[in-house]
Amino acid sequence: MDMSDPQFTEEEWLQYREEERTYLEHQERIGATVRLLSPQRNYQELSVAITNPRFSMWINPDPPFALRTPPHPPGEEPLPPDLPDLIALIRQPIVAMLALPAIFFGAAYTRFMRMDIR
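Residues numbered from 1 in each chain as written. Predicted model: local features only at pLDDT ≥ 70, side-chain atom pairs only at ≥ 80, totals over all residues. Heavy atoms only, no water.

A. Region of the structure containing the overall build of the protein chain. Secondary structure assignment for the protein chain yields 5 helices and 0 strands. Listed N to C, the secondary structure of the protein chain is α-α-α-α-α in terms of helices and strands. Taking all 118 residues of the protein chain together, 15% fall into the buried category. Considering only residue pairs separated by 6 or more positions, the protein chain has 40% of its internal contacts joining residues 24 or more positions apart. Split by element, the accessible area of the protein chain, about 9700 Å² in all, is 63% carbon and sulfur. (Helix = DSSP H or I, 4+ residues; strand = E, 2+ residues; numbered from the N terminus. Buried < 20%, exposed > 50% of the residue type's maximum accessible area, 1.4 Å probe, protein only. Contact = heavy atoms within 4.5 Å. Areas by Shrake-Rupley, 256 points an atom, 1.4 Å probe, with all protein chains shown as cover.)

B. Molecular detail of the pattern of salt bridges. Tallied over the entire structure, the rule returns 5 salt bridges. Note that Arg35 and Glu28 form a salt bridge whose closest N and O atoms lie 2.6 Å from each other. Of the residues examined, Arg35 reaches a relative accessible area of 27% and is grouped as partly exposed. Several salt bridges converge on common partners, so that one network encompasses Glu18, Arg21 and Glu25. (Salt bridge = Lys/Arg side-chain N within 4 Å of Asp/Glu carboxyl O.)

C. Geometry of the environment of Gln40. As for its position among the elements, Gln40 is in helix 2 (residues 39-51). Of the residues examined, Gln40 reaches a relative accessible area of 67% and is grouped as exposed. Sequence separation between Gln40 and Met97 is 57 residues; the distance between their C-alpha atoms is 9.4 Å.

D. Representation of a nonpolar patch on the surface within the structure. Residues Tyr109, Phe112, Met113 and Met115 make up a contiguous nonpolar surface patch of about 470 Å² in total accessible area. Mapped onto the elements of the fold, Met113 is located in helix 5 (residues 91-114). (Patch = residues over 30% accessible without salt bridge, like charges linked within 9 Å, V, L, I, M, F, W, Y side chains within 5 Å.)

E. The arrangement of the side chain of Asn42 in detail. Considering the arrangement of structural elements, one finds Asn42 in helix 2. A relative accessible area of 1% means that Asn42 is categorised as buried. A distance of 2.8 Å separates a polar atom in the side chain of Asn42 from the backbone oxygen of Leu36. Beyond its immediate sequence surroundings of up to four residues, Asn42 is in contact with Arg35, Leu36, Pro93, Ala96 and Met97. (Polar contact = N/O pair within 3.5 Å; in protein donor to acceptor, adjacent residues only side chain to side chain.)

This is the structure we're talking about:
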């Protein structure tokens, strides 16, 4: 859409912005799913969150780390959560790190059991 077009209306602009927002949300959901399936990314999130939770709160603003940043006065750093709270907040990478190998081992075991051993 050309902003200098005389036939461009406010309604068309609002419709365009809504379609753009929907598209970007869809793209982010796909990206989040792909990132969840990445063992390297999951390991990185887990190791940084456990070894240096304050650093991970500042460096990674997307969920789940955004949930760990409580409202705080400007200039005051947020306190790192204790370990049980931290584990509860990074449960998605933990589950992904455990579930993906379990799925592949299960598939391999099923294939092994169906093999015709002579």
